[in-house]
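Chains, contacts and geometry: an overview
Next come the chains, spelled out residue by residue.
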Amino acid sequence: MTETYRIYGMLGSPYSMKMRAVLRYRRIPFVFIPAMPGSEPIDNVRPAVIPVLRFPDGAFRVDSTPMIEELEALHPSRSIVPDDPGQSFLSYLLEDFADEWVTKMMFHYRWFRDVDQRTFARQGAFDFLGSAGLETLEKMASRTRERQVARMPLVGCTEANRPLIEGTYIELLSILEATIPRQRFLFGSRPSRADFALYGQLSQLASDPTPRAILREAAPYTDRWVVQMDDLCGLEGDWCAPEEALLDGVLDLLRMCGEVYLPFLAANAAAFESGAGSFSTRLRGLDHAQGTFKYQVKCLYEIQRRYALLEGKVRERIEPILAETGVLDTLRPRSQPPSGQGRRA
């Protein structure tokens, strides 16, 4: 029998849900196996993150973005990368925004308030251990809660940063709710890598009590979109033509990248280059402070590198959009990315 792909991950992992939805849409056979970092058979895979994707040849891969690109090379049909190089770049940028900034919304809401901490800690324990007995489940839930809450200052999910993080969540929902009833996906009638990245984070925000209540009240169509994104294997669709105007929602998301996400990446990169373990920056007039992350330096470099590779006519077409939304100023390339493995899954 032909070996299928295997996703080792968890229902409570936004990147696991992202990759599961990608494989479903692309009709690539796979099995989903509950696993945590360090558990067998992925205990020797580095970095120790989930999801881990086992390819049919037995090789293991981590980090959802390169996973997507390797699958694109191996399975050309039902691509999630727009054909047009300009749209392809924009979808990559918005995927990165979802993976690295929208995930702050997810982590903040999950571990900031007592009700959300208690709810997910127990759900996550049950997803991994199953019916292991109440005492065992409660012990694991307690350990998970303590560990994750302790990480919040490092990743910037603090009381001081709460207005910016919660404000961008409300803004994100407003953008999507104004967009989805008109056009289901960002770059056409088929989903792009950016749609799947947004889905991964929203799959968790739609599950935890506090952000779920906000989502259902403020964005009912987006709430249902999240449910639908989980399995699009029966969907057929097309990309928008390159000459078509971008959706207002895409422009609004790019504006959030230009005003919040890319300045955040630039501040992190500057701190990393100076050897600082933490940094503080002003985003939309609000202070944001957190630990410095090498992986996010790589994120900025890769966005800049991909922009530099765009050919002249494509760049001429999208450059006014990038200038209008405040993205362009941050696209000057670094000399080289930092070495070492990344962190994101």
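Summary of the structure given here. (Residues numbered from 1 in each chain as written. Predicted model: local features only at pLDDT ≥ 70, side-chain atom pairs only at ≥ 80, totals over all residues. Heavy atoms only, no water.)

1. Focus: the overall build of the chain
- The helix and strand inventory of the chain stands at 12 helices and six strands.
- Taking 345 residues into account, the globule formula puts the C-alpha radius of gyration at 20 Å, and the chain, at 20 Å, falls close to it.
- In terms of principal-axis extent, the alpha carbons of the chain reach across some 60 × 50 × 45 Å.
- Within the chain, the proportion of its 345 residues that are buried is 55%.
- Element-wise, carbon and sulfur atoms account for 52% of the exposed surface of the chain, whose accessible area totals about 14,800 Å². (Helix = DSSP H or I, 4+ residues; strand = E, 2+ residues; numbered from the N terminus. Rg over C-alpha atoms; globule rule 2.2 N^0.38 Å. Buried < 20%, exposed > 50% of the residue type's maximum accessible area, 1.4 Å probe, protein only. Areas by Shrake-Rupley, 256 points an atom, 1.4 Å probe, with all protein chains shown as cover.)

2. Structural notes on the pattern of salt bridges
- With the rule as written, the count across this model stands at 28 salt bridges.
- Between arginine 27 and glutamate 236 there is a salt bridge, and its shortest N-O distance comes to 3.0 Å. Remark: glutamate 236 occurs in the loop between α9 (220-229) and α10 (248-274) and arginine 27 occurs in the loop between α1 (14-26) and β2 (30-34); sequence separation between them is 209 residues.
- By relative accessible area, glutamate 236 is classed as exposed at 56%.
- Across the pair arginine 284 and glutamate 259 runs a salt bridge, and its minimum N-O distance is 2.8 Å. (Salt bridge = Lys/Arg side-chain N within 4 Å of Asp/Glu carboxyl O.)

3. Here's the deal with α9
- Among all positions in α9, only Thr222, Asp223, Trp225, Val226 and Met229 are buried. Buried positions in α9, seen along its axis, are confined to an arc of 160° and lie on one side of it. Residues of α9 that are exposed and angled more than 90 degrees away from the buried face: Tyr221 and Arg224.
- In this structure, the buried residues of α9 make contact with α1, α6 (162-179), α7 (193-205) and α8 (209-218). (Arc of directions from axis to C-beta. Contact = heavy atoms within 4.5 Å.)

4. Section: the pairing of strand β6 (residues 286-291)
- In terms of strand pairing, strand β5 (residues 278-283) meets β6 through six bridges, oriented antiparallel. Counterpart to serine 280 in the pairing with β6 is alanine 289.
- Between the antiparallel neighbours β5 and β6 lie two residues, among them arginine 284 with a positive phi of about 55°. (Pairing = 2+ DSSP bridges.)

5. As for the pairing of β2
- Sheet analysis places strand β1 (residues 5-9) next to β2, joined by five bridges and oriented parallel. Bridge pairing in β2 places isoleucine 7 opposite phenylalanine 32.
- Handedness of the crossover joining β1 and β2 through α1: right-handed. (Right-handed = clockwise from strand over helix to strand, strands pointing away.)

6. A closer look at the state of the cysteines
- For the structure shown, the criterion picks out zero disulfides.
- Here cysteine 240 stays unpaired: no disulfide links it, and the sulfur of cysteine 257, its closest cysteine neighbor, is 18 Å away.
- We classify cysteine 240 as buried; its relative accessible area is 18%. (Disulfide = S-S within 2.5 Å.)

7. Looking at the sheet that holds strand β3 (residues 52-54)
- Ordered by their spatial adjacency, four strands build an open sheet running β2-β1-β3-β4, and the pairing between neighbours is mixed. Looking at the sheet topology across the chains shown, the edges are occupied by β2 and β4 (60-62). Strand-to-strand, the axes of this sheet are offset by a mean angle of 25°, without reference to chain direction.
- Along the sheet face, α1 touches β1, β2 and β3 and points at about 165° away from the line of β2. (Axes fitted to C-alpha atoms, helices over the stretch in contact; angles between N-to-C directions.)

8. Digging into the packing of aromatic side chains
- According to the stated counting rule, one finds 10 aromatic pairs in the structure shown.
- Ring centres of phenylalanine 97 and tyrosine 261 lie 6.0 Å apart, and the angle between their planes is 70°; on these two criteria the pair is classed as edge-to-face. Here tyrosine 261 lies in helix α10 and phenylalanine 97 lies in helix α3 (residues 85-112), a separation of 164 residues in the sequence.
- A residue is classified by how much of its surface remains accessible, and phenylalanine 97, at 1% relative accessible area, is buried.
- Plain terms: the ring middles of tryptophan 101 and phenylalanine 264 are 5.4 Å apart, the flat faces sit at 65° to each other, and that makes the pair edge-to-face. Pair noted here: tryptophan 101 is in helix α3 and phenylalanine 264 is in helix α10, with a separation of 163 residues, a long-range link. Side by side, tryptophan 101 and phenylalanine 264 carry an identical accessibility label, which is buried.
- Among the aromatic residues, those joined into a cluster by ring pairs are Phe97, Trp101, Tyr261, Phe264 and Phe279. (Phe/Tyr/Trp six-rings, centres within 6.5 Å; stacked < 30°, edge-to-face > 60°.)

9. Considerations on the packing of α3 against helix α11 (residues 294-308)
- Closest axis-to-axis distance for the α3/α11 pair is 10 Å, and the angle between their directions is 170°. Considering their axes alone, α3 and α11 lie roughly antiparallel with respect to each other. Residues Phe89, Tyr92, Leu93, Asp96 and Glu100 of α3 lie in contact with α11, whose contacting residues are Tyr295, Gln296, Cys299, Glu302, Ile303, Arg306 and Tyr307.
- Its residues assigned to classes, the contact of α3 with α11 comprises seven nonpolar, one polar and four charged. (Parallel < 35°, antiparallel > 145°, perpendicular 65-115°, else oblique. Nonpolar A, V, L, I, M, F, W, Y, C, P; charged D, E, K, R; others polar.)

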